[in-house]
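Take a look at the letters that make up each chain.
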Amino acid sequence: MRTDNPSGTPRNAPDSTRRTMLKAAGLTALLGATGLSTARAADRRAAAATYDVIVIGAGFAGVTAARELFRNGRKPLILEAQNRIGGRTYTHDFVGEKVELGGAFFDATHPHAWKEIQHYKLQLTSDPGPEVAYFPAEQGFRAYAPVDGFGHLASLVTPVFDGSRDYLPTPRNPFAREDLLRPVDKLRLIDRINALNYSPVDRKWVTGNLGGLSGNSTRGSLTQMAQWWALSDWDFQKFSGGQSSRLVHGTAAFLKAMLDDSGSQLRLNSPVTAIADDGRSVRVTTKGGTVYQAPEVVIAVPVNVWNTITFTPGLPQVYRGLAAATVAVPKAKKLFLHIRSSKGLFYAAGAEGEPGLSDVAPVHKLADGHLAFGFSLDPSLDVNNAAQVQQSLRRWVPDAEVLAVKGHDWGSDPYARGGWTYKQPGQLTGPLRTVQNPVGRLAFAGSDIATGWSGWVDGAIESGLRAAGQILVR
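Residues numbered from 1 in each chain as written. Predicted model: local features only at pLDDT ≥ 70, side-chain atom pairs only at ≥ 80, totals over all residues. Heavy atoms only, no water.

A.B. asks: Go over the sheet that holds strand β12 (residues 272–277) with me, naming the residues and quoting the values.
C.D. replies: On the basis of which strands lie adjacent, the open sheet formed by four strands has the order β14-β13-β12-β16 and mixed pairing. Here the strands that pair on one side only, and so sit at the sheet edges, are β14 (291–294) and β16 (310–312). Sheet twist, expressed as the average angle between the axes of neighbouring strands with direction ignored, equals 15°. For β12 and strand β13 (residues 282–286), the ladder comprises five bridges, and the chain directions are antiparallel. In the sheet register, Ile275 faces β13, and the bridge partner there is Val284. (Pairing = 2+ DSSP bridges. Helix = DSSP H or I, 4+ residues; strand = E, 2+ residues; numbered from the N terminus. Axes fitted to C-alpha atoms, helices over the stretch in contact; angles between N-to-C directions.)

A.B. asks: A description of unusual backbone geometry should follow, citing residues and the corresponding values.
C.D. replies: Across the junction of Thr312 and Pro313, the peptide omega takes the value -5°, indicating a cis bond. For Pro313, the location among the structural elements is in the loop between β16 and α12 (317–325). Notably, Asp233 is not glycine yet its phi reads approximately 60°, a positive angle. Following the sequence through the fold, Asp233 ends up in the loop between α9 (222–231) and α10 (236–241). Residue class for Asp233 comes out partly exposed when judged on its relative accessible area of 38%. Its identity is not glycine, yet Asn269 carries a phi of approximately 55°, on the positive side. Residue position: Asn269 is located in the loop between β11 (265–267) and β12. The partly exposed category is assigned to Asn269, whose relative accessible area is 21%. (Buried < 20%, exposed > 50% of the residue type's maximum accessible area, 1.4 Å probe, protein only.)

A.B. asks: Report on the sheet that holds strand β9 (residues 141–144), specifying residues and quantitative values.
C.D. replies: Spatially, β9-β8-β18-β19-β20-β17-β21 is the arrangement adopted by the seven strands of the open sheet, whose pairing is mixed. Each edge of the open sheet is held by one strand with a lone partner, namely β9 and β21 (401–409). Between one strand and the next, the sheet's axes are offset by a mean angle of 20°, whatever the strand orientation. Packed onto the sheet, helix α8 (residues 200–214) meets β8 (132–136), β9 and β18 (346–349) and runs at close to 110° relative to β8. (Contact = heavy atoms within 4.5 Å.)

A.B. asks: How would you explain the confidence of the model for the protein chain if you had to name every residue and give the values?
C.D. replies: Within the protein chain, residue pLDDT values average 90, and 89% of them lie at 70 or more. Predicted confidence is poor over residues 1–47, with pLDDT under 50, and the contacts of this stretch with residues over four places away or in other chains come to 120 contacts. (pLDDT = per-residue confidence, 0-100.)

A.B. asks: Describe the pairing of strand β19 (residues 359–365), naming the residues involved and giving the relevant values.
C.D. replies: The buried fraction of β19 is high, at five of seven residues. Note: β18 against β19, two bridges, orientation antiparallel. Across the sheet, residue Ala349 finds its bridge partner in β19, namely Asp359. By the bridge criterion, six bridges tie β19 to strand β20 (residues 370–376) in an arrangement that is antiparallel. In the sheet register, Lys365 faces β20, and the bridge partner there is His370.

What follows is the structure, given as structure tokens:
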């Protein structure tokens, strides 16, 4: 959504009586209050303005926080760096379809997102499965009937999470058995895979599947994937089913429904470069030099971006250290493809570390060929170059033609600096709970720091609710 409207009159900070009432009220339930959302392009004038609360970032975490604050009497201003809403969700028009270049999938196991989808009466759809699946072989790749290929994959993936019922008995509260969790959190995903002594081919299947999700099995932690597994009821079908349902009108329509419910002013093209908290109020400065002021601020940008903002006083070391280490997969790319092939709807997965595409999955048939999406961690692959993408695709299906392609390089996006969340060893039991807490008048939100479904829209909504609550009880 992008609308340029005349400037409105800034809202003054709430008085002490109103603040006391809000503190007693806390977070309201999701009652469906409706307000007017106004999106405005960035104001380049360097003039101070005061608002009830400023939310930095118009993804699901930021918009959730803004909506909850509005329902409790605040009038938020949302500053968004991009020329669109969505953050690491990104609805795009491609070959006459609504496609998602970022987060896309929903499932009934996602409690916060599922509740919102029902509340806003959003339409979901599921796509047909593949007609053939390609997996690594001793030499190259082999075609399987999907029931056989995915059945074998399930038998290989399931043992990776043996013991997770013990160390993650209540996965939405992963710290219930921290005594058992903490030693496991030191492990990389590859450490667990190595311990299972798979054959060379089976190892390619497992690292290709789980390593792609983790951004690299030598980088990512075992516990991040194990928590997703546990949240899926320790079941491969549900684990895979987390990618089964998508929104007919896209995540942008979902987010716009929430934004229209937030009573917020929205300013696009407003990347924040500095935040100064003097203990009484917070001054926020954008790249264009405009200064805004509010009693509190919600910072709802990816953890990987925190260190691109100048904080005064500086953020505590644990926050800066987590941002420097990175949380989101740093080289993630996603793309959509219009493919023509004699193989029909095909799924294909490579071995971890291979150049080009990591995997490709079908969406549905088109009048000519079919629509598919894929991922890559290869820095050299241009996901908007049809010839490069086709060359990579043909290692699975030699007659595949890429008629059109559209991708996004999340690692090179300055306002994301990485794709989906995937924590590294020690980050779950180490800094996570600390960085969920406010610093002065600053509250933090984002899927990266969710307790439950981190890396998914559900986690973003969870963290937005938490940040709003922290502001309201001040």
